[in-house]
Amino acid sequence: MRALVTAVYLFLYAPIALVVLFSFNAGRSAVQFTGFSADWYGKALSNVLLMDALKNSLLIAATSAILAVVFGTMAAMGLERLGARMRALFDGLLAAAIVVPGVVIGIATLVALVQLFDVLNPLLAGLWPGQEAPKLQLGYGSIIAAHGLFTMALVTMIVKARIASLGRDIVEASSDLYASPLTTFREIVLPQILPAVLAGFLLAFTFSFDDFIIAFFVAGSKTTLPIYIFASIRRGVTPEINAVATMVLGASLLMILIARFLMREKTTR
Amino acid sequence: MALTSSNDIEFRSVTKKYGALTAVSDINLSISKGAFLALLGPSGCGKTTCLRMIGGFEQPSEGTIHIAGREMNGVAAYHRPVNMVFQHYALFPHFNVEQNVAYGLRQMRPRLSRAEISRRVGEALAMVRLDGFAGRRIHEMSGGQQQRVALARAIVNRPSVLLLDEPLAALDKKLRTAMQIELQTLQRELGITFVLVTHDQEEALSMADTVCVMSAGRIRQLGAPQEIYDRPADLFVADFVGKTNRIEAVAEAGGTVLRLADGSAMSSSAHSTGGGAGVPNGKVTIAIRPEKMRMSRAAAPGPAFKGRVTHRIFLGSVTEYAVAVPGLGDFLVTEDRNGLATDNMVSPGEEVFLGFPPEAAHVFPVQQP
Ligand SMILES: Nc1ncnc2c1ncn2[C@@H]1O[C@H](COP(=O)(O)OP(=O)(O)O)[C@@H](O)[C@H]1O
Ligand SMILES: [Mg+2]
């Protein structure tokens, strides 16, 4: 039994450890370790194509995470006010949204967007006052939309749990003390749910930053970091890619740890 | 009903339904300015719902509520001149004591100056004897102290009505008694109308000047504490407020004769019949307070039952006896220390006679199903 558990963990983590190890390889090989060096990190950071993809990824992750947090928090607050049956329905839909596989979301979003563009583009061309009407197409917008929608469900789940533990008491107390709903939100609710909101932001950001599958379907001609990595691996695994993967791994782990810390603090208080 | 300016709160035919459940049913109630009213009743009878409708957290399904002469239906909680002390205090955990108390003042428009706010917060904290605690965090305060913060946070706004939902329920008995006295003093000093919700009849009787006994969403009796205790309007009130001995009987001869289960009869004419109305023929219940019962070793004149003492409970200032009377059941008798000298107390197993003054017996017709 013990041996089996050890084997499972080895199977899970050994490849990751190898990636990290070989990112420090002095030589070119991805199978033979010839000495310790951080050169590949420098190479990676000065690769223009790679840095472009990274910038795209950061932009998309930040934008979609902000959208997810704003709308996810609003959704969580709105769900609180629903009756028991409607709430159960939406809880179920939320949980379902989170377990839908990325491939399905990718294809569904792609199909939906393409059909939408087919309808909108001729309309836009007809209404446009100038000569060249802008054409809606896949790109940053579509990735942000797909990521934002998916991670919004995540944020809603996290914030909803926090709101539920708040109780209606202090909200009513605030309103009893002459505070308008807006003031109550700003002064009482927001400070209380802020850790959950931040945790939601970090998780949404990490998800978007790491996502390959959904982005692959809806990216159009744009390249995100995971897409770039995927493309370059076809030309062979280099220590440079290992260095990039290690940095992505490090950043993701850090953010998830912070998110976990933020979510834990709320339950112990 | 004419609206008079001396009424702070009026319920006019107020009904509140939650789906199929009627929590409050056709309540009419006027609370005059400066009154200390207690809403008393068992758990689930609709007390909190009434309070929450005054506070603006629930809207009546039917009828209207008026505060200071103004109809309040549809008026949001934050526009009402009332403040509430919540059962679990509902203090803001991320604010300290001072920030909690200042919260209502900060929302007031036109804005109050900082100096004014801090002066009034200081005053309120002094009033609840929490001076020196301004900078404390809420979770560093004991339950009793949190209770006072909640109180200060409400009275600092000088509302015309203060609503209190079982404010003392979470405190231990000693602290509760102390707070009862403090609340009463505070109410007199401030002249604010207090509406207190409680299921504790002792608390209601000792603190309020008017008690409103509720059951199943309806008002059963409204009156001064003494009136409620001495002249309960029905059997429910007699049972719920204080302790009561019940004797089942049948009214005969137009309600002038009461035949008891053991076959004996007593004359009803002298007995108070709930609300003053005579009792019709039929089943009745006679209610007598334990402290109105007289216990003696020898038969005394007047109605009397012969029984045997089964238990004696010494409570300090008074002693309670349980007396089993054949054919009529168990009776509870309270004797104060003057009644029987300590060295001459009746012991369990002794045979005694129970008597009572006729006016202490309340006769209520039993509702036929
Ligand atoms: N928000 C609500 N939804 C449904 N039923 C409620 C709600 N609030 C109270 N009730 C019901 O209304 C009745 C009266 O409740 P409440 O006013 O809290 O009683 P009390 O304060 O006297 O214990 C109870 O049966 C309770 O279950
Ligand atoms: Mg209650």
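### Some thoughts on the overall build of chain B
Broken down by element type, chain B carries 8 helices and 21 strands. Referenced to the eigenvectors of the C-alpha coordinate spread, the extents of chain B come out at roughly 75 × 50 × 35 Å. Expressed as a percentage of its 369 residues, the buried residues of chain B come to 49%. The contacts of chain B with a sequence gap of at least 6 include a subset with a gap of at least 24, amounting to 66%. With an accessible surface of roughly 16700 Å², chain B has 52% of that area assigned to carbon and sulfur atoms. Looking at charge distribution, chain B has the averaged site of its 39 positive side-chain charges lying 6 Å from that of its 36 negative ones.

### Side note on the interface of chain B and chain A
The interface is formed by 24 residues belonging to chain B together with 19 residues belonging to chain A. Summed over both partners, the interface of chain B with chain A comes to about 1900 Å²; 56% of that surface belongs to carbon and sulfur atoms. On the chain B side of the contact with chain A, Tyr78(B), His94(B) and Tyr103(B) bury the most area, a combined 31% of that side's loss. At the junction of chain B with chain A, the criterion picks out 2 salt bridges. A salt bridge links Arg106(B) to Glu187(A); the shortest N-O distance between them is 2.9 Å. One can count 9 residue pairs in polar contact (both at pLDDT 80 or more) joining chain B with chain A. Put simply, the parts of the chain that give the side of chain B that touches chain A at least two residues each are strand S6 (82-85) and helix H2 (97-107) of chain B. Broken down by element, the residue count for the side of chain B that touches chain A peaks at 4 residues, all from H2(B).

### Describing the packing of helix H7 (residues 169-176) of chain A against helix H8 (residues 181-210) of chain A
All names here are of chain A. Here H7 crosses H8 at 160°, and the two axes come no closer than 10 Å. Comparing their axes, H8 and H7 come out roughly antiparallel. The handedness of the crossing between H7 and H8 is right-handed. Two secondary-structure elements touch here, H7 through Ile170, Val171, Ser174 and Ser175 and H8 through Thr184, Ile188, Val189 and Gln192. Residue composition of the contact of H7 with H8, grouped by class: 4 nonpolar, 4 polar and no charged.

### Points about the site of ligand 1
Residues and elements named next belong to chain B. Around ligand 1, the structure places Tyr18, Leu21, Ala23, Pro42, Ser43, Gly44, Cys45, Gly46, Lys47, Thr48 and Thr49. Residue Gly44 places a main-chain N or O atom 2.6 Å away from an oxygen atom belonging to ligand 1. A distance of 2.9 Å is found between an oxygen atom of ligand 1 and a side-chain nitrogen or oxygen belonging to Lys47. For ligand 1, the accessible surface in isolation is 560 Å², of which the surrounding protein chains cover 61%. At the level of secondary structure, the elements contributing two or more residues to the shell around ligand 1 comprise strand S2 (21-32) and helix H1 (47-55). For the shell around ligand 1, the element with the highest residue contribution is H1, accounting for 3 residues.

### Here we look at the domain arrangement of chain B
The assigned domain composition of chain B is domain 1 (7-230) and domain 2 (243-365). Distance between the C-alpha centres of domain 1 of chain B and domain 2 of chain B: 39 Å.

### Some words on the packing of helix H4 (residues 143-155) of chain B against helix H5 (residues 173-190) of chain B
All names here are of chain B. Relative orientation of the contacting elements H4 and H5 amounts to 15°, with a least axis distance of 12 Å. Looking at the two axes, H4 sits roughly parallel to H5. Judged by the twist between their axes, the crossing of H4 over H5 is right-handed. Across the interface between the two elements, Gly144, Gln147, Arg148, Leu151 and Ile155 of H4 pack against Leu175, Met179, Glu182, Leu183, Leu186 and Leu190 of H5. Its residues assigned to classes, the contact of H4 with H5 comprises 7 nonpolar, 2 polar and 2 charged.

### Remarks on the pairing of strand S3 (residues 36-40) of chain B
If a strand is regular, its side chains alternate between the two faces of the sheet. Residues and elements named next belong to chain B. The buried fraction of S3 is high, at 5 of 5 residues. Neither face of S3 is left uncovered, since the one carrying Phe36, Ala38 and Leu40 and the one carrying Leu37 and Leu39 both have all their residues buried. Bridge count for S3 against strand S9 (residues 210-215) is 4 bridges, and the pairing is parallel. For Leu40, the partnering residue across the bridge sits in S9 and is Val213.

### A look at the sheet that holds strand S10 (residues 218-223) of chain B
Residue and element names in this part refer to chain B. In spatial order, the strands read S6-S7-S8-S3-S9-S10; together these 6 strands make up an open sheet with mixed pairing. Looking along the sheet, the strands with just one partner apiece sit at the ends: S6 and S10. On average, each strand axis in the sheet is inclined to that of its neighbour by 20°, with strand direction left out of account. The pairing of S9 with S10 spans 5 bridges and is classified as antiparallel. Within S10, the residue paired with Val211 across the bridge is Gly223.

### Let's talk about the confidence of the model for chain A
Looking at chain A as a whole, the pLDDT averages 88, with 98% of positions reaching at least 70. When pLDDT is averaged over each helix and strand of chain A, the minimum, 82, is found for helix H11 (residues 239-268) of chain A and the maximum, 95, for H7(A).

### Quick word on the pattern of salt bridges
All names here are of chain B. This model, assessed by the stated rule, comprises 22 salt bridges over all chains. A salt bridge links Lys17 to Glu62; the nearest nitrogen and oxygen atoms lie 3.5 Å apart. Separated by 45 residues along the polypeptide, Lys17 in strand S1 (residues 7-18) and Glu62 in strand S4 (residues 62-67) bring together distant segments of the chain. The exposure class of Glu62 is partly exposed, given its relative accessible area of 41%. The residue Arg52 makes a salt bridge to Glu58 at a minimum N-O spacing of 3.4 Å.

### Quick notes on the packing of aromatic side chains
In the structure shown here, the tally under the stated rule is 19 aromatic pairs over all chains. Centre to centre, the rings of Phe92(B) and Tyr103(B) are 4.8 Å apart; their planes meet at 55°, and the pair counts as tilted. You can see Phe92(B) sitting in the loop between S6 and H2 and its partner Tyr103(B) sitting in helix H2, a full 11 residues away along the chain. Comparing Phe92(B) with Tyr103(B), the two get one shared label, buried. Taking the centre distance of 6.1 Å and the plane angle of 40° together, the rings of Phe95(B) and Tyr103(B) count as tilted. You'll find Phe95(B) and Tyr103(B) in the same group, each marked buried. Taken together, the ring pairs connect Phe212(A), Phe216(A), Phe217(A) and Phe230(A) into an aromatic cluster. Here the guanidinium or amino end of Lys43(A) rests over the ring plane of Trp40(A), the centre of that ring lying 4.6 Å away.

Calculation criteria
- Residues numbered from 1 in each chain as written.
- Chains lettered and ligands numbered in written order.
- Predicted model: local features only at pLDDT ≥ 70, side-chain atom pairs only at ≥ 80, totals over all residues.
- Heavy atoms only, no water.
- Helix = DSSP H or I, 4+ residues; strand = E, 2+ residues; numbered from the N terminus.
- Buried < 20%, exposed > 50% of the residue type's maximum accessible area, 1.4 Å probe, protein only.
- Contact = heavy atoms within 4.5 Å.
- Areas by Shrake-Rupley, 256 points an atom, 1.4 Å probe, with all protein chains shown as cover.
- Lys, Arg positive; Asp, Glu negative; His and termini not counted.
- Charge placed at Lys NZ, Arg CZ, Asp CG, Glu CD.
- Buried area = accessible area lost by both parts, 1.4 Å probe.
- Salt bridge = Lys/Arg side-chain N within 4 Å of Asp/Glu carboxyl O.
- Polar contact = N/O pair within 3.5 Å; in protein donor to acceptor, adjacent residues only side chain to side chain.
- Axes fitted to C-alpha atoms, helices over the stretch in contact; angles between N-to-C directions.
- Parallel < 35°, antiparallel > 145°, perpendicular 65-115°, else oblique.
- Left-handed = near helix turned anticlockwise from the far one by under 90°.
- Nonpolar A, V, L, I, M, F, W, Y, C, P; charged D, E, K, R; others polar.
- Near = heavy atom within 4 Å.
- Domains from an automatic or database assignment.
- Pairing = 2+ DSSP bridges.
- pLDDT = per-residue confidence, 0-100.
- Phe/Tyr/Trp six-rings, centres within 6.5 Å; stacked < 30°, edge-to-face > 60°.
- Lys NZ or Arg CZ within 6 Å of the ring centre and 35° of its normal.

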